[in-house]
Amino acid sequence: MIITVIPYAFACLLWSPLPLHWRYRLTSGWPRLMIWGAKWILGLRWCMIGTEHLPDGAAVILSKHQSAWETLFFTAHMPRDVCFVYKRELNRIPFFGWGLALLRMIPINRAKGRDAFEQVVQLGQLRLNEGRWPLLFPEGTRVAPGKTIRYKQGGAALAVRCQAPVIPIAHNAGECWPRNSFIKKPGLITVSIGPLIPTEGRTATEVNKEVEAWIETEMRRLNPERYDTTST
């Protein structure tokens, strides 16, 4: 990653005049290379199940968040361009932030408080109109395998406001690529895509509860050894 990110960032600047779709395809070559390298150098194999649930239209992705691996994977291997909701400060990171800024995703200014959500809705609707899928991690931070925290409603609220269904995704990338860990462990990462969750005529609270229920139930199916019968 360290060896390739700097030359790739300069390449991103060179093709910045190209249309957005081409910029995305070219820039996503870097995370695709990282996923390839993780597989063949570190032994992090992967499989995706439930792809029949992916729609041929607008949707918002709400995913489990355990690792840095999935941020690379979704960019490289989803059938549509994805756009992350992320704090605007990431654009200032040298090299990595340059490529990120050129992809016109959904950066937010956290200092604006509640107004930041309206910014997410406006940009999210624009990205949906462009045929892209906004992607959010409702947990808000990377969570270690077997742990659960409260799911924030922002992603569900965005889907409800934009009248777009939700694609719930569970995965166990944290088993191989733990958060804040330099050491990676070889193994098979399973990315499981659930049935579409409708939002029309529903509240963000209802949608968020259904998203959390499906993801956390699927996590217990993927790695039952991580959860005992008293887990909540």
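Attention here is on the structure that accompanies the text. From a predicted model like this one, the values you see are computed outputs, not experimental measurements. (Residues numbered from 1 in each chain as written. Predicted model: local features only at pLDDT ≥ 70, side-chain atom pairs only at ≥ 80, totals over all residues. Heavy atoms only, no water.)

## Quick word on the overall build of the protein chain
No. 1: A count of helical and extended segments in the protein chain gives 8 helices and 7 strands.
No. 2: In terms of C-alpha radius of gyration, the protein chain reaches 17 Å, essentially the compact-globule figure of 17 Å for 232 residues.
No. 3: Principal-axis analysis of the C-alpha atoms gives the protein chain an extent of 55 × 40 × 35 Å.
No. 4: Of all 232 residues assigned to the protein chain, the portion counted as buried reaches 47%.
No. 5: Within the protein chain, counting contacts between residues at least 6 apart in sequence, those at least 24 apart form 72% of the total.
No. 6: In the protein chain, the 29 positive side-chain charges and the 18 negative ones have mean positions that sit 8 Å from each other. (Helix = DSSP H or I, 4+ residues; strand = E, 2+ residues; numbered from the N terminus. Rg over C-alpha atoms; globule rule 2.2 N^0.38 Å. Buried < 20%, exposed > 50% of the residue type's maximum accessible area, 1.4 Å probe, protein only. Contact = heavy atoms within 4.5 Å. Lys, Arg positive; Asp, Glu negative; His and termini not counted. Charge placed at Lys NZ, Arg CZ, Asp CG, Glu CD.)

## Thoughts on the sheet that holds strand E4 (residues 106-108)
No. 1: Pairing within the open sheet is mixed, and its 7 strands lie in the order E1-E7-E6-E2-E5-E3-E4. Both outer strands of the open sheet, strand E1 (44-49) and E4, are each paired with one neighbouring strand and no more. The sheet shows a mean angle of 25° between the axes of neighbouring strands, direction not considered.
No. 2: Two elements, strand E3 (residues 82-87) and strand E5 (residues 133-136), share 3 bridges in a ladder whose sense is parallel. Across the sheet, residue Cys83 finds its bridge partner in E5, namely Pro134. (Pairing = 2+ DSSP bridges. Axes fitted to C-alpha atoms, helices over the stretch in contact; angles between N-to-C directions.)

## Concerning the packing of aromatic side chains
No. 1: Counting across every chain of the model gives 5 aromatic pairs.
No. 2: Summarising the aromatic geometry, the rings of Trp69 and Phe73 are spaced 4.7 Å apart at their centres and angled 15° between planes, so their arrangement reads as stacked. Remark: Phe73 and Trp69 occur in helix H4 (residues 69-77); sequence separation between them is 4 residues, near one turn of the helix. When sorted by exposure, Trp69 lands in the same class as Phe73, which is buried.
No. 3: The interplanar angle of 65° and the centroid separation of 6.0 Å between the aromatic rings of Phe73 and Phe74 together place this pair among those described as edge-to-face.
No. 4: Given the relative accessible area of 0%, Phe73 is considered buried.
No. 5: Taken together, the ring pairs in this structure connect Trp46, Trp69, Phe73 and Phe74 into an aromatic cluster.
No. 6: For the cation-ring pair, Lys184 lies above Phe182, with the distance from its terminal atom to the ring centre recorded as 5.7 Å. (Phe/Tyr/Trp six-rings, centres within 6.5 Å; stacked < 30°, edge-to-face > 60°. Lys NZ or Arg CZ within 6 Å of the ring centre and 35° of its normal.)

## Remarks on the packing of helix H7 (residues 154-162) against helix H8 (residues 204-222)
No. 1: Where H7 meets H8, the axes come as close as 8 Å, and the angle between the chain directions of the two elements is 125°. The pairing of H7 with H8 is recorded here as oblique in orientation. Like other packed secondary-structure pairs, H7 and H8 cross with a definite hand, here right-handed. Of H8, the residues touching H7 (which contributes Ala156, Ala157 and Val160) are Ala204, Val207 and Asn208.
No. 2: For the contact of H7 with H8, the residue count by class is 5 nonpolar, 1 polar and no charged. (Parallel < 35°, antiparallel > 145°, perpendicular 65-115°, else oblique. Left-handed = near helix turned anticlockwise from the far one by under 90°. Nonpolar A, V, L, I, M, F, W, Y, C, P; charged D, E, K, R; others polar.)

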